[in-house]
Amino acid sequence: MNIRKIITDIFSRIFNVTPSQWSRVSECWFITFFFKIGAAIGWTIITAAFIAQFGISFLPFLLIVNAVLIIAGTLFFERLIVRMKREVLMILMILFGATTLFFATFLYGKSPIAFFSLVVFAESVFLAQFNVFIPILVGDRFSPLESQKTFPIVESADTIGGIIGGALVGILASRFAMGWFIYMWIGFLAFVIFVFVIASHITQKIPSLPQSEVKKLPITKKDQIKQIFFGIKQIPFFKSLVIIVFFQLVFMNLLEFQYTKAMEQHVTAKPEPTLSYVISKSLKADILGIDDVLKNSVKDDIPLPRVLTVQEQAVLTEKLGTFKGIFYGMAFIIQILFASRIISSLGVVGSMLLNPIIMLMSLVGMFLKFGFLSSVITKLNFEASNVVHKNAYFSSHYAFPHPIRDPAAEFLEGVVRPFG
């Protein structure tokens with residue numbers, strides 16, 4: 001016991017966490033960690049397999065279907081959250097999602113459309129909703145004062161999980177078939193359930209907060225929609241947060257498509273002509289006549305969308321996984337060394353605006369000279385600055401009154417984000 005106490009005290013001083021908080025920190029950290037490993041593996045293989053089957057030009061269709069199902073799932077589960085205990089509902093989400101993924105593994109070689117329908121349904125309706133509930137669960141586990149110390153530690157699980165998930169795909173993509181990665185995904189989801197079960201016996205509950213101010217608010221929990229629109233109308237910060245999240249996701253999805261397209265073209269060795277490429281090839285500097293040059297270049301150089309071979313799919317999956325691990329590794333360095341200092345100096349709103357500003361500058365460079373290198377640099381800039389945005393964004397939820405905090409977080413993550 002003395003050795004255990006000494007080790008606990010050492011880690012408490014290093015991470016600035018009190019011994020009484022470690023059980024809650026560990027629960028939230030491992031839930032996020034295992035879920036994010038599975039999510040990194042799952043979305044990477046879904047993207048690569050979808051491009052291999054249907055071509056890069058149909059990737060926006062996948063993103064749109066995913067977003068629509070997330071919104072539909074949010075509207076469905078918001079009715080259940082007021083009737084069921086949150087932990088029980090989250091476990092059921094994992095169980096239904098994992099079961100759907102398991103049945104999908106039998107359809108990959110037989111019916112690709114049925115396979116992707118089941119996988120996207122599981123990811124968008126069940127697992128994406130679990131991801132929406134993670135910050136709400138973390139917010140319930142800690143008080144606002146505790147969150148300043150504990151949230152950066154819990155959030156590091158997201159980044160570390162992304163590193164490990166991307167590394168696993170990058171290392172194993174050329175050695176294992178698609179079905180094995182689905183089984184790995186299911187395995188990490190099972191670990192999430194184990195964490196819930198174990199934590200239910202050891203986690204120390206957070207002390208209840210005074211409710212005097214809550215009673216003064218003209219909001220009830222009976223109508224989630226009224227709560228949300230009341231908050232948007234009465235809280236200017238909430239309105240600003242909706243705008244920031246929406247436009248950030250618009251930029252992010254544009255970047256995601258362009259980055260994935262650059263990866264696909266790098267694998268197939270068939271890049272498309274860009275503005276700088278066309279001008280250098282034609283040796284013309286007349287911007288007024290660039291339309292004719294582009295039309296002629298498009299006819300000559302752009303191949304029709306096509307599916308990938310098995311070998312090309314393996315290479316694409318490997319590259320997407322490897323670079324995902326690299327991006328998350330850089331984000332982890334930024335998170336550990338600079339995130340708290342940037343938030344302290346710029347504030348919550350300034351830190352959230354840092355990511356869209358950097359991303360807009362990077363997108364301009366990618367537009368002028370689109371290619372593998374410019375896309376990788378833009379994606380790296382996004383992931384490195386996004387970790388600061390996420391820390392500030394989740395901390396900002398404590399600015400909302402307690403009755404509207406959970407509905408606001410669910411609305412931002414489950415409606416505004418996929419709508420963007």
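Located above this text is the structure these notes cover.
Time to look at the overall build of the protein. Across its full length, the protein carries 14 helices and zero strands. Ordering the α and β elements of the protein from the N terminus gives α-α-α-α-α-α-α-α-α-α-α-α-α-α. Considering the protein as a whole, with its 420 residues, one finds that 49% of them fall into the buried category. Partitioning the intrachain contacts of the protein with sequence separation of at least 6 by distance along the chain shows that 83% fall at a separation of at least 24. Of the roughly 21100 Å² of accessible surface on the protein, 69% is carried by carbon and sulfur atoms.

The next point concerns the nonpolar core. Core analysis: the biggest nonpolar cluster contains 95 residues, and L101, F130 and F238 have the highest contact counts within it. For this core, the leading source of residues is helix α2 (residues 22-54), giving 18 residues. Formed by seven residues, the second largest nonpolar core is a distinct cluster that contains L255, A262, L363 and F370.

Let's shift gears to the packing of aromatic side chains. Counting across every chain of the model gives 27 aromatic pairs. Aromatic side chains F34 and F191 sit 5.1 Å apart centroid to centroid with 35° between the ring planes, which places their arrangement in the tilted category. Here the residue F34 occupies a position in helix α2, and F191 occupies one in helix α7 (residues 178-202), the gap between them amounting to 157 residues. When its relative accessible area of 38% is taken as the criterion, F191 is described as partly exposed.

This paragraph deals with the pattern of salt bridges. Across all of its chains, the model carries four salt bridges by this definition. The closest approach of N and O atoms between K36 and D158, which form a salt bridge, is 3.9 Å. On the criterion of sequence distance, the pair formed by K36 in helix α2 and D158 in helix α6 (residues 144-172) is long-range, its members being 122 residues apart. For the residue pair K36 and D158, the accessibility class agrees, reading buried in each case. A salt bridge links E413 to R417, with the shortest nitrogen-to-oxygen separation between them at 3.2 Å. You can see E413 and its partner R417 sitting in helix α14 (residues 402-419), four residues apart, about one turn around the helix. Judged by relative accessible area, which is 8%, E413 ranks as buried.

What follows is about the packing of α2 against helix α3 (residues 59-80). Following both chains from N to C, one finds α2 and α3 inclined at 135°, their axes separated by 10 Å at the closest point. By the angle between their directions, the pair α2 and α3 is classed as oblique. As α2 packs across α3, the resulting crossing turns out to be right-handed. Contacts from W43, I46, T47, F50 and I51 in α2 reach L59, F61, L62, L63 and N66 in α3. Split into classes, the residues belonging to the contact of α2 with α3 amount to eight nonpolar, two polar and no charged.

This part is about helix α4 (residues 86-104). The first and last C-alpha atoms of α4 sit 27 Å apart over 19 residues, in line with the 27 Å expected at 1.5 Å per residue. Along α4, the residues that are buried comprise R86, E87, L89, M90, M93, I94, G97, A98, T100, L101 and A104. End-on view of α4: buried residues confined to an arc of 165°, all on one side of the axis.

Mapped onto the elements of the fold, Q313 is located in helix α12 (residues 310-368). In this structure Q313 comes out as buried when scored by relative accessible area, which is 15%. Here the side chain of Q313 touches Y108 through a polar contact of 3.2 Å, side chain to side chain. If sequence neighbours within four positions are ignored, Q313 has contacts with A48, A49, A52, Y108 and L308.

Next up on the list: α2. An ideal rise of 1.5 Å per residue puts 48 Å on 33 residues; α2 measures up with 47 Å between its terminal C-alpha atoms. α2 sits mainly inside the fold: 28 of its 33 residues count as buried. Of the residues flanking the end of α2, it is G55, one or two places downstream, whose phi is positive at about 95°.

Time to look at the packing of α2 against helix α5 (residues 112-141). For the pair α2 and α5, the least separation of the axes is 10 Å and the interaxial angle reads 155°. Between α2 and α5, the angle falls in the class roughly antiparallel. Of the two possible hands of crossing, α2 and α5 adopt the one that is left-handed. Of the residues belonging to the contact of α2 with α5, the class tally is 17 nonpolar, three polar and five charged.

About the cut-offs
Position numbers for residues count from 1 along each chain, tracking the sequence in the order it is written. Totals for whole chains, interfaces and linings use every residue, but because this is a predicted model, local features are given only for residues with pLDDT of at least 70 and side-chain atom pairs only at 80 or more, for both listing and counting. Hydrogen atoms and water are omitted, and side-chain values are computed over all heavy atoms in the structure. Numbered from the N terminus, helices here are DSSP runs of H or I no shorter than four residues, and strands are runs of E no shorter than two. Summary of the burial criterion: residues with accessible area below 20% of their type's maximum are buried, those above 50% are exposed, and those between are partly exposed, where the area comes from a 1.4 Å probe applied to protein chains only. Note on contacts: a residue pair qualifies if any of its non-hydrogen atoms lie within 4.5 Å across the two residues. The Shrake-Rupley method, run with a 1.4 Å probe sphere, supplies the accessible areas, and residue values consider only the shown protein chains as cover. We define the nonpolar core as a collection of buried residues of types Ala, Val, Leu, Ile, Met, Phe, Trp, Tyr and Cys that are connected through side-chain atoms lying within 4.5 Å of one another. Classification of ring pairs rests on two measures: the distance between centres of Phe, Tyr or Trp rings, Trp counted by its six-membered ring, which must be within 6.5 Å, and the angle between planes, read as stacked under 30 degrees, edge-to-face over 60 and tilted in between. The salt bridge criterion pairs a side-chain nitrogen of Lys or Arg with a carboxyl oxygen of Asp or Glu, the two atoms within 4 Å. Every angle, taken between N-to-C directions, lies between 0 and 180 degrees, and every axis is a line fitted to C-alpha atoms, over only the stretch in contact when it is a helix. Here the word oblique covers every angle except those under 35 degrees (roughly parallel), over 145 (roughly antiparallel) and from 65 to 115 (roughly perpendicular). Handedness of each helix crossing follows the sense of rotation of the near helix against the far helix: counterclockwise by less than a right angle gives left-handed, clockwise gives right-handed. Classification used: nonpolar for Ala, Val, Leu, Ile, Met, Phe, Trp, Tyr, Cys and Pro, charged for Asp, Glu, Lys and Arg, polar for all others including Gly. Expected helix span is taken as 1.5 Å per residue step, with the number of steps being one fewer than the number of residues. To be clear, the arc concerns the directions from the helix axis to the C-beta atoms. Polar contacts, as used here, are pairs of N or O atoms within 3.5 Å; protein pairs need one atom able to donate a hydrogen and one able to accept it. Residues neighboring in sequence count only if both atoms are side-chain atoms.

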